[in-house]
Structures are given as C-alpha cells and as structure tokens.
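Below are the chains, spelled out letter by letter.
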Amino acid sequence: MFPPQRLRNLLLLSALSLTSLQAHAVDKHAVKNHNNGLRSLALSRPARSNAIIALQFNAGSFQDTVPGLAHLAEHVFLRQHILDARRERIPLRDFLALHGGRVNAKTSHESTYFLFEIQRDAAPVLLRELANLLREPSLNTTLIASEISAVDDEFGLLKTRQSWLLQDALKAATASSHPFRQNSAGNRNSFAPYSLEDIQAALYDFFKRYYRPANLSLIYVSPEDSAQQHTSINNSFGSLPVRPAADTSEAPLFDPDTLPRRLQICLLYTSDAADE
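Throughout, a residue's number is its position along its own chain's written sequence, starting from 1. Only residues with pLDDT of at least 70 get local features here, since the model is predicted, and only at 80 or more are side-chain atom pairs given and counted; chain-wide, interface and lining totals rely on the full set of residues. Only heavy atoms go into the side-chain values, all of them from the structure, while hydrogens and water stay out.

Asks: Describe the overall build of the chain, naming the residues involved and giving the relevant values.
Replies: The way it works is that DSSP assigns letters per residue, a run of H or I at least four long becomes a helix, a run of E at least two long becomes a strand, and they are numbered from the N terminus. Counting its regular elements, the chain contains 10 helices and 8 strands. Out of the 276 residues in the chain, the part that is buried amounts to 45%. Two residues form a contact once any of their heavy atoms are found within 4.5 Å. Of the contacts formed within the chain by residues at least 6 apart in sequence, a portion of 78% connects residues at least 24 apart. About 14,700 Å² of surface is accessible on the chain, with carbon and sulfur atoms providing 51% of the total. Any residue under 20% of the maximum accessible area for its type is buried, any over 50% is exposed, and the rest in between are partly exposed; the area is computed with a 1.4 Å probe on protein chains only. The accessible surface values rely on the Shrake-Rupley method and a 1.4 Å probe; as for residues, cover is taken only from the protein chains in view.

As structure tokens, this is what we get:
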C-alpha cells in the first residue's frame, strides 16, 4: 500500500496528465515539503530534451467572489510578462514560444493547474519567473478587459457541450447558496455587474489569498540531477514568503433537509441530430 504522501503525488501526476511517468519513479527523496508550505516533486530524467513544470493551486470556481473569477485569474496569469535570461522583459507566452515551449491550463471547481513544457536550458529561468509572478502579478484593467473577452469566447463554445448542459441542470438539486450554482466558467454577462476596477480588486485578492506556496503543489521533471532540481525549486518557489494555507472549505453541496431528491433531465435533440 502506498504511503499517503506518495499516493497524493501519484494522484497529482495523474491529474496533471503525467501518467506516462511510472509509479516506481516517485520515491521519498523526490518529494519535499518546504518551510513556506510548498509541496514539490522533482523527477530527474537525464535523457529528456525538455522539462516539465506543473503547478496545481488548491483554488477554483468554488472560491469565486465574482462568477468566473478563478477562470479569469488563470487567463490573466498566462498573459503576464517575465524577465528572460538577459533580464529583458518579455510576455510569458513569447518566452515559451522562443524556447520550444507550450502550456496547458484548466480551472475546475476546487483547483487550477498549469502544465508547462519547455527546452531544458530555459527551465530554471521559467521556474524563477513563475515564482516571481506570485510575488507581484500585473493586473491592469486593459489586460483584464481583454481576457474577459477571451473567457466569453470560450463560454460560447462551452455552453453547447452536453457535459456543461448536464452540470447546469444539476444546479437545481444543489443548495441554493452553494457556489456550484454560479457560472463557474464566467462570461461577459457574469462580469457585467462589476466595474473593471472592482474585478481588478477581486483578482488581486484572489491571487494574494490562493496563489501562495501553502496552496501549491509543484512537479518538476527535467534532465538535471536531483540536487540541481532541488536547488532550482528552492531558489524560486521555495524562497517565497511563508503564509498559511488559505481556507478553501465550502458549505455542503446539498441541503440535507431536501434529501433524497430525484432530478429528471430531458435532453432535446433536433431532427438533424436524431438522424446522425
């Protein structure tokens, strides 16, 4: 049976789409709990030509104070500027493109993750700069307005998916005050009641409250040896200030007084869909 710490990280590997890594590769020397609350897993793979940096924050749409805020925070985080190896300011996505990199990100109800892949030589710089973004993100209202438009475009596709329609239907069975009932993805309408300055303040509070080491699990896979990996992590995320983990608990999803309940969901198909 796996020890709890090892099992947690194996589950995290799976959640972050790193299932190709074999379970036996995760040993007690690769896992570290840092003084500032960060939990990290370093895996040395000398044969790799690139590196993987995976971040999972224990905060998602259930922590929204504005419907769609966590999703918007994910978007805004990826639009930040960083300093490259020459200490020149450059958009994060441009840095990734210049170094053969890519990123995948997702906001769920209870967590937000980022999965970066980049050339091996650029990985330590990326680690350093991602940590620096947690110290002081730039959240100007022009950027926020742009990303609200991007979130709204995504919602236009999301709202037609059956999984979203089923989730939306399930809201009727949940507690009326639970955040599950909100628009977790966000769109232009969900942000409309708030000024850009209000959303900016809410984003600053969200980043300060949840994008902190004690709410973060990090996986670093690279060709470096374990000692170099731990040095890179310690000098970046491990050096962030100590802050207690944020409270991410929420009220029960269902009101006990209304259980058991039966919810009937009817899916309507067009004649074209029925013919396929």
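Next comes the rest of the write-up.
Asks: Hey, could you go over the nonpolar core for me, with residue numbers and the actual values?
Replies: Side-chain atoms within 4.5 Å are what join buried Ala, Val, Leu, Ile, Met, Phe, Trp, Tyr and Cys residues into a set we call a nonpolar core. One finds Phe116, Leu130, Leu203, Tyr211 and Phe237 to be the most contacted residues of the largest nonpolar core, which totals 52 residues. Here the element with the most residues in this core is helix α4 (residues 123-135); it accounts for 8 residues. For Leu130, the contacting residues outside a window of four places in its chain are Ile53, Leu55, Phe77, Leu92, Phe116 and Phe237.

Asks: Lay out the packing of aromatic side chains in plain terms, naming residues and giving numbers.
Replies: Two rings from Phe, Tyr or Trp (for Trp, the six-membered ring) form a pair when their centres sit within 6.5 Å of each other. Planes less than 30 degrees apart are called stacked, planes more than 60 degrees apart edge-to-face, and all others tilted. Enumeration over the complete set of coordinates arrives at 11 aromatic pairs. With a centroid separation of 6.4 Å and an interplanar angle of 15°, the aromatic rings of Phe114 and Phe116 are classed as stacked. Given the relative accessible area of 0%, Phe114 is considered buried. Among the residues examined, Phe116 registers a relative accessible area of 1% and is labelled buried. By the ring-pair criterion, three or more aromatic residues cluster together here, those being Phe57, Phe77, Phe114, Phe116, Phe206, Phe207, Tyr210 and Tyr211.

Asks: So, the pattern of salt bridges: which residues are in play, and what are the values?
Replies: When a carboxyl oxygen of Asp or Glu is within 4 Å of a side-chain nitrogen of Lys or Arg, the pair counts as a salt bridge. For the structure shown, the criterion picks out 9 salt bridges. Of the charged contacts in the structure, one is a salt bridge between Arg102 and Glu117, with a shortest N-O distance of 2.9 Å. Taken together, the residues Arg102 in strand β6 (residues 102-107) and Glu117 in strand β7 (residues 112-119) connect sequence positions 15 residues apart. For Arg102, a relative accessible area of 57% corresponds to the exposed category. By relative accessible area, which is 18% here, Glu117 ends up buried. Between Arg128 and Glu129 there is a salt bridge, and its shortest N-O distance comes to 2.7 Å. The partly exposed category is assigned to Arg128, whose relative accessible area is 22%.

Asks: Before we move on, could you go through the packing of helix α2 (residues 69-78) against helix α5 (residues 141-158) and cite the residues and values that matter?
Replies: Orientation is described by lines fitted to C-alpha atoms, with helices fitted over the stretch in contact, and by angles between N-to-C directions that extend from 0 to 180 degrees. Orientation of α2 relative to α5, taken along the N-to-C sense of each, is 120°, at an axis distance of 9 Å. Judged on the interaxial angle alone, α5 and α2 are oblique. Considering how the two elements wind past one another, α2 and α5 form a crossing that is right-handed. Each of His71, Leu72, His75 and Val76 in α2 lies in contact with α5, whose residues at this interface are Leu143, Ile144, Glu147, Ile148, Ala150, Val151 and Glu154. Side-chain classes follow a simple rule in which Ala, Val, Leu, Ile, Met, Phe, Trp, Tyr, Cys and Pro form the nonpolar group, Asp, Glu, Lys and Arg form the charged group, and the remainder, Gly included, forms the polar group. Classifying every residue of the contact of α2 with α5 by side-chain character gives 7 nonpolar, 2 polar and 2 charged. Put simply, angles under 35 degrees are roughly parallel, angles over 145 are roughly antiparallel, angles from 65 to 115 are roughly perpendicular, and the rest are oblique. Helix crossings get a hand from a simple test, with the near helix turned counterclockwise from the far one by less than a right angle marking a left-handed crossing and a clockwise turn marking a right-handed one.

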